[in-house]
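# Structure assessment
Single-letter residue listing:
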Amino acid sequence: MSLGILKDVARPILGGMGITAKRLRHKKATISYPEQRREQYPRTRWRHALTRYENGLEKCIGCSLCAGACPAKCINVVAAENTDEDRHSPGERYAVRYEINMIRCIFCGYCQEACPTGAIVLRKEFELANYHREDFIYTKEMLLEAKAST
Amino acid sequence: MAAEMMGVDMVTILVDDIELQVPKGELIVESVKRLGIEIPIFCYHPRMKPVGMCRMCLVETGTKQPDGTIRKMPKPQASCTLPASEGLAIYTQTPQIIQDRKGVLEFLLINHPLDCPICDRGGECPLQNNTLFYGPSTSRHIEFKRHAPKAIPLSEHVTLDLERCIQCGRCVRFTEEISGDGQLAFRFRGASMQPSTFALSAFESKFSGNTIEICPVGALTSSQSRFRARPWDLESSAGVCTLCSCGCNVWFDHRIGKLVRVNGRTNNAVNEEWTCDQGKFGHDYYNHNERQASVFIRTSARLESTSWTVGLGEIVTKLKSTGTSAGFLLGPKISNEAGFLACRAATALGSRQVAGIDSRVELGANFEVPADSLLSLEQAKVIVSVGPSLADTLPIVYLRVRKAASQKGAKVISIHSSPTELDEFAFLSLCHKPGTLSLLIQGLDGSLALEEVALQTGVSAQALKEAKTVLEGQGVSFIATNQVAHTEGSAALSDLRRLAKKLEANWNHFCETASGFASLASCSGLGMELQSPESILKKCLSGDIKFLWLVDFDPFELVKDRELVKQALEEVEFLVVQSAIASEASHYASVVLPQSLPAEGGGSFTNLDGQLQNFDAFLPKIGMARADWQIFAELLSRMDLAAGMFSRQDILQMAAKDVPYFKEALTGKQDHQPQPSGAGV
Ligand code: SF4
Ligand code: FES
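### Notes on the overall build of chain B
The helix and strand tally for chain B stands at 25 helices and 29 strands. For chain B, the C-alpha radius of gyration of 28 Å lies close to 26 Å, the compact-globule estimate for 681 residues. In terms of overall dimensions, chain B has C-alpha extents of about 90 × 65 × 50 Å along its principal axes. Looking at chain B as a whole, 51% of its 681 residues qualify as buried. Excluding contacts between residues fewer than 6 apart, the proportion of contacts in chain B whose partners are at least 24 apart in sequence is 68%.

### Observations concerning the packing of helix H9 (residues 336-349) of chain B against helix H18 (residues 516-525) of chain B
All names here are of chain B. Following both chains from N to C, one finds H9 and H18 inclined at 30 degrees, their axes separated by 9 Å at the closest point. Classified by the interaxial angle, the pair formed by H9 and H18 is roughly parallel. For H9 against H18, the interelement crossing comes out right-handed. Of the residues in H18, those touching H9 at Asn336, Gly339, Phe340 and Cys343 are Ala518, Ser519, Ser522 and Cys523. Of the residues in the contact of H9 with H18, the class split is 4 nonpolar, 4 polar and no charged.

### Considerations on helix H23 (residues 628-638) of chain B
All names here are of chain B. With 8 of 11 residues buried, H23 is to be regarded as a mostly interior element. Those residues of H23 lying buried are Asp628, Trp629, Gln630, Ile631, Phe632, Ala633, Leu635 and Leu636. Count one or two residues on from H23 and you reach Asp640, which has phi positive near 60 degrees.

### Remarks on the domain arrangement of chain B
All names here are of chain B. Taken as a whole, chain B is organised into domain 1 (2-93), domain 2 (104-222), domain 3 (295-357 + 515-678) and domain 4 (374-509). With 5 residues of domain 2 at the contact, the number on the domain 4 side is 8 residues. Here the residues of the side of domain 2 that touches domain 4 are counted per class, giving 1 nonpolar, 1 polar and 3 charged.

### Quick word on the pairing of strand E10 (residues 194-197) of chain B
Two faces belong to every sheet, and in a regular strand the side chains alternate between them. Residue and element names in this part refer to chain B. Bridging between strand E9 (residues 184-187) and E10 involves 4 bridges; their strand directions are antiparallel. Residue pairing for E10: Leu184 is matched across the bridge by Thr197. Counting the residues that bridge the hairpin from E9 to E10 gives 6 residues, and of these Phe188 lies at a positive phi of roughly 65 degrees.

### Observations regarding the pairing of strand E26 (residues 574-579) of chain B
Residues and elements named next belong to chain B. Counting buried residues along E26, 6 of its 6 residues qualify, which places the element largely inside the surrounding structure. Of the two faces of E26, the one carrying Phe574, Val576 and Gln578 and the one carrying Leu575, Val577 and Ser579 are both buried. In the sheet, strand E25 (residues 547-551) pairs with E26 via 5 bridges, with the strands oriented parallel. Following the sheet pairing, Val551 is matched in E26 by Gln578.

### A word on the environment of Asp284 of chain B
Residues and elements named next belong to chain B. Among the secondary structure elements, Asp284 is positioned in the loop between helix H7 (277-281) and strand E15 (295-299). A tally of 12 C-beta atoms within 10 Å means that Asp284 is categorised as exposed. Linking Asp284 and Arg261, residues 23 residues apart in sequence, is a C-alpha distance of 8.4 Å.

### Details of the nonpolar core
If you look at the biggest cluster of nonpolar residues, it comprises 191 residues, and the most contacted ones within it are Leu341, Ala342, Ile396, Val397, Leu496, Val551 and Phe632 of chain B. Top element by residues in this core is H9 of chain B. It accounts for 8 residues. Filtering out sequence-adjacent residues up to four positions away, Ile396 of chain B remains in contact with Cys246, Cys248, Val270, Asn271, Cys276 and Leu374 of chain B. The next biggest cluster of nonpolar side chains, apart from the first, holds 27 residues, and it includes Cys74 and Val77 of chain A together with Cys116 and Phe227 of chain B.

### A closer look at the site of ligand 1
Taken together, 13 residues form the shell around ligand 1, and within it Cys165, Cys168, Cys171, Cys215 and Ala219 of chain B come nearest. In the shell around ligand 1, the residues fall into 10 nonpolar, 2 polar and 1 charged.

### Concerning the sheet that holds strand E2 (residues 75-81) of chain A
All names here are of chain A. A sheet is described by the order of its strands in space; here 3 strands give the open sequence E2-E3-E5, paired in antiparallel fashion. For this open sheet the edge positions go to E2 and strand E5 (137-138), each flanked by a neighbour on one side alone. As judged from the 2 bridges shared by strand E3 (residues 93-101) and E5, these two strands associate in the antiparallel manner. Counterpart to Asn101 in the pairing with E5 is Ile137.

### Notes on the interface of chain B and chain A
Facing the 9 residues of chain B at the interface are 13 residues of chain A. When the residues that make up the side of chain B that touches chain A are grouped by side-chain class, the tally is 5 nonpolar, no polar and 4 charged.

### Comments concerning the confidence of the model for chain B
All names here are of chain B. Averaged over all residues, the pLDDT of chain B is 92; the fraction at 70 or higher stands at 97%. Contacts from residues 670-681, a stretch scored under 50 in pLDDT, to residues over four places away or in other chains number 23 contacts. The ipTM value of the predicted complex is 0.83, and its pTM value is 0.90.

### Some details on the sheet that holds strand E19 (residues 382-386) of chain B
Residue and element names in this part refer to chain B. The 5 strands are arranged E21-E20-E19-E22-E23 in an open sheet whose pairing can be described as parallel. Only two strands of the sheet have a single neighbouring strand rather than two, namely strand E21 (428-431) and strand E23 (506-509). On average, each strand axis in the sheet is inclined to that of its neighbour by 15 degrees, with strand direction left out of account. Along the sheet, helix H12 (residues 395-408) makes contact with E19, strand E20 (411-416) and strand E22 (476-480), crossing E19 at roughly 145 degrees.

### Concerning the packing of helix H8 (residues 308-322) of chain B against H23 of chain B
When two helices pack together, their arrangement is given by the angle between the helix axes and the distance between those axes. All names here are of chain B. Across the interface, H8 lies against H23 with an axial gap of 10 Å and an inter-helix angle of 55 degrees. Comparing their axes, H23 and H8 come out oblique. Relative to H23, H8 is oriented so that their crossing is right-handed. Here Leu312, Ile315 and Val316 of H8 come into contact with H23, specifically with Glu634, Leu635 and Arg638. Of the residues assigned to the contact of H8 with H23, the class counts are 4 nonpolar, no polar and 2 charged.

### Focus on the environment of Asp552 of chain B
All names here are of chain B. Within the element layout of this structure, Asp552 appears in the loop between E25 and helix H20 (555-558). For Asp552 and Arg400, which are 152 residues apart along the polypeptide, the C-alpha to C-alpha distance reads 30 Å. Filtering out sequence-adjacent residues up to four positions away, Asp552 remains in contact with Gly331, Lys333, Ile334, Gln578, Ser579, Ala580, Gln595 and Asp628.

### So, the environment of Pro419 of chain B
All names here are of chain B. With respect to the helices and strands, the residue Pro419 is situated in the loop between E20 and E21. For Pro419, a count of 12 C-beta atoms within 10 Å translates into the label exposed. Spatially, the C-alpha atom of Pro419 lies 7.9 Å from that of Ser389, the residues being 30 residues apart in sequence.

### Focus on unusual backbone geometry
For the peptide bond that leads from Tyr33 of chain A to Pro34 of chain A, omega is 5 degrees, which places it in the cis range. Structurally, Pro34 of chain A is set in the loop between helix H1 (2-23) and strand E1 (48-50). Even without glycine at this site, Ile256 of chain B takes up a positive phi of about 45 degrees. Structurally, Ile256 of chain B is set in the loop between strand E13 (249-255) and strand E14 (258-264). Classification of Ile256 of chain B by C-beta neighbours within 10 Å gives exposed; the count is 12.

Rules and cut-offs
- Residues numbered from 1 in each chain as written.
- Chains lettered and ligands numbered in written order.
- Predicted model: local features only at pLDDT ≥ 70, side-chain atom pairs only at ≥ 80, totals over all residues.
- Helix = DSSP H or I, 4+ residues; strand = E, 2+ residues; numbered from the N terminus.
- Rg over C-alpha atoms; globule rule 2.2 N^0.38 Å.
- Buried ≥ 20, exposed ≤ 12 C-beta atoms within 10 Å, placed from the backbone.
- Contact = placed C-beta atoms within 7 Å.
- Axes fitted to C-alpha atoms, helices over the stretch in contact; angles between N-to-C directions.
- Parallel < 35°, antiparallel > 145°, perpendicular 65-115°, else oblique.
- Left-handed = near helix turned anticlockwise from the far one by under 90°.
- Nonpolar A, V, L, I, M, F, W, Y, C, P; charged D, E, K, R; others polar.
- Domains from an automatic or database assignment.
- Pairing = 2+ DSSP bridges.
- Core = buried A, V, L, I, M, F, W, Y, C linked by C-beta atoms within 7 Å.
- Near = placed C-beta within 6 Å.
- pLDDT = per-residue confidence, 0-100.

Rendered as structure tokens:
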């Protein structure tokens, strides 16, 4: 009876401990997120950003090609005309509204591919969870890069 | 097509080795379409004379030799200026031609800025499409491009981007050949050639919007919808313009439930493919920021928002007591269904007081279906247009008259008291002193001596004599509107009609508003007269009318006598204001009903020559608004005056029982028949 317990219970436990003990010497595969974060692969496609030129002008010209290319139809662009007093981008046209519905987005990167000026890019920021549906509509203000401080 | 070919010489040509019978002299660019072959084009337009400016349409040609072989010509030819002749052989797909097309496109693109991403034409641009299908895939261009001013406002409506122009001349030819105002011309030569107005003045044409549509690049764009949407953001729905009685077929391009722009839709029996500027740029009221969105009812001094049930309930109660003294003012843009139901309500209530802009009672004229249709007008030999500017009142009729004159050689006689666009090409312009039209007509019908008439009207006796001779000929058509009576008195209008009848000419007394034809027809079908708004307002003052319903009729805008309107609206016991946009009249209203517009609620519309056209809804309604016909259908069923009106189709069927016109339109010619899908909301 007691021999049975020894064989069926203690031995597997000891065996398991043995494996654990052996593994203790190995390098860890997990990290303790969120204190630690992993470097993303260079071509990772996550949250979009609207970029600027070095002189601070927006690259986006409001052409809506991204919206046309988007298979999930989650981009909405409303354009307006630049004036000399109120200039947002080089040329005649800029986007007054630029919205992406992140719930619908499938992060395929077609918008980035379609963009003629390289304005919209998908970057490495992946923590997009939120509590309310409305919060997933990313507006132009949220997407636009801050101006490089000079 | 076969009937058209009868009596025309046919020739046999070879297109890509396929034998084809075509009428002699037909342009090759058109002939190949019979085989479903497409030749890329820029400057050619089927409704204008070919000029061969862009060289995009090159084809290789050859002639059949007696021994059956084909001898090719050494150089390619422009197919848009090449008429079909016996034994002509055409090659549209040879390696040579493919290379030539690449060459032409490369040339055109040398000076084109390729700012497609910001160009309003990008996405629906013939230059983009042709480059994609026939052009070089890469550019060899490393030199500097030509630069020219961008975004020049050519007029209030049209913006010109000189860099993008490929100098095809379509816009210039449009103003010369179609609209006839000759506003545009080319300045300079070669690469610096620019379309512009002569004195660099504003592009003042009543049809300028069409140049935007026919420009094969984004050189001419609409100032109104500039940057408002890219073509792929837009959804196009078929609609009918309701701004005048012509009933132009148009595309309503909308984005996320908002109307963005209006483009011409081809219907050869109405507007061909053109629109007037009023129609093309005048639909912005869809996006008016004071659109009526809820029902209001007056409680003591204030208007309070309420439900349809309460609003209509109040109206029904009131109508039960004052029904026999109820009056209806029909707006210029209401649907056939609403017009009919309002007339029907007036008869059922026993008041028979209905009014509209196109009223003819006070003018002593009866409602007659015009003798000509827009199509048959083109065949007239002599066209007599009487009254103020036709291009303003009935723009599409004007284009037809111009087409008849310039392409079919019709003689146009323009009779008016101030110069109009017709004078430019009229065979005779009889410009008389204001108020002397009756005299002039008496001169023309021979009851007064010409010298005497000339003296009084200020028209030369010579011109009168010439006019008289021309009028005695065959194929004369008269065009008149109520304007004749408004400017020259109703006697002049009936004199004119008498003259037309005496000459056995076609008499066309056209309506001016989209609701005109149908409301006149409904009234006469129901045994009533469509009165003038003024007479109804006067009856409000005298107390004959105690209940007034404005069916999308803004009296402050449509009736000249402001005092009369004010007093009448104050006097009347109960005022229903049914409108799409909040108007001044709502201040006097007892109940305000929000009405949707045709694109939101649907409706059928009859144009000036009696074609019934369906307009299906595609935009969302605003707030609580309902279609004009829905409002009346509900009223009539609530009052137990009629039942079973669940769709527009039901109402039209009902109208067909009472009104001969509707019966004809529903059972008659196929193209007038509303599609079954038109039913419903
Ligand atoms: S503006 Fe347009 S239509 Fe006019 S010539 Fe230039 S390309 Fe042709
Ligand atoms: S289309 Fe023939 S030359 Fe332009």
